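A structural walkthrough
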Amino acid sequence: MNKNKIIYYIFTGIFTLVILFSAGMYFFNHEYIKTAFVKLGYPTYLIYPYATVKLVGLFAIWNPKFHIVKEWAYSAFFFAVTLAFFAHIMVSDGEQMAAVIALVSLVVSYIFSKRI
């Protein structure tokens, strides 16, 4: 396996872990996430659909046959993570580090997905 594939898999794996943790929290720690959504000013009815879409996006990123859908998933995740970062900054809750890790790993994953 060449260096580009190794870097791609490492950073895609890191991004996947962050998103899986996030989606898992949405499904299994609903009351905590509900409180966080209210604090951030988001409607709580988005929690389950948003978690489901995150899982579908991860599936698209890992599936090599969905080239166009993969591009859309990367784009959607970029906007979601960027907006999450700024939402946490605006309410000063100190929870923005996961968004930074997700954003960096997403960008590196995207760049190296183009190289392999």
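This text gives an overview of the structure that appears in the document.

Cut-offs used in this document
Residues numbered from 1 in each chain as written. Predicted model: local features only at pLDDT ≥ 70, side-chain atom pairs only at ≥ 80, totals over all residues. Heavy atoms only, no water. Helix = DSSP H or I, 4+ residues; strand = E, 2+ residues; numbered from the N terminus. Buried < 20%, exposed > 50% of the residue type's maximum accessible area, 1.4 Å probe, protein only. Contact = heavy atoms within 4.5 Å. Areas by Shrake-Rupley, 256 points an atom, 1.4 Å probe, with all protein chains shown as cover. Lys, Arg positive; Asp, Glu negative; His and termini not counted. Salt bridge = Lys/Arg side-chain N within 4 Å of Asp/Glu carboxyl O.

1. Points about the overall build of the protein chain
- When helices and strands are tallied, the protein chain shows 5 helices and 0 strands.
- For the protein chain, the N- to C-terminal ordering of α and β elements is α-α-α-α-α.
- Counting across all 116 residues of the protein chain, residues that qualify as buried make up 34%.
- The long-range fraction of contacts in the protein chain, counting pairs at least 24 apart against all pairs at least 6 apart in sequence, stands at 61%.
- When the accessible surface of the protein chain is summed, it comes to about 7400 Å², and 74% of that surface belongs to carbon and sulfur atoms.

2. So, the side chain of lysine 54
- By secondary structure assignment, the location of lysine 54 is in helix H3 (residues 47–62).
- Summary of buried charges: lysine 54 has no salt-bridge partner, and the nearest side chain of opposite charge, glutamate 95, is 12 Å away.
- Filtering out sequence-adjacent residues up to four positions away, lysine 54 remains in contact with Ile19, Ser22, Tyr26 and Phe77.

3. Some thoughts on unusual backbone geometry
- Positive phi values are uncommon outside glycine, yet serine 92 reaches one of about 50°.
- As for its position among the elements, serine 92 is in the loop between helix H4 (67–91) and helix H5 (97–115).

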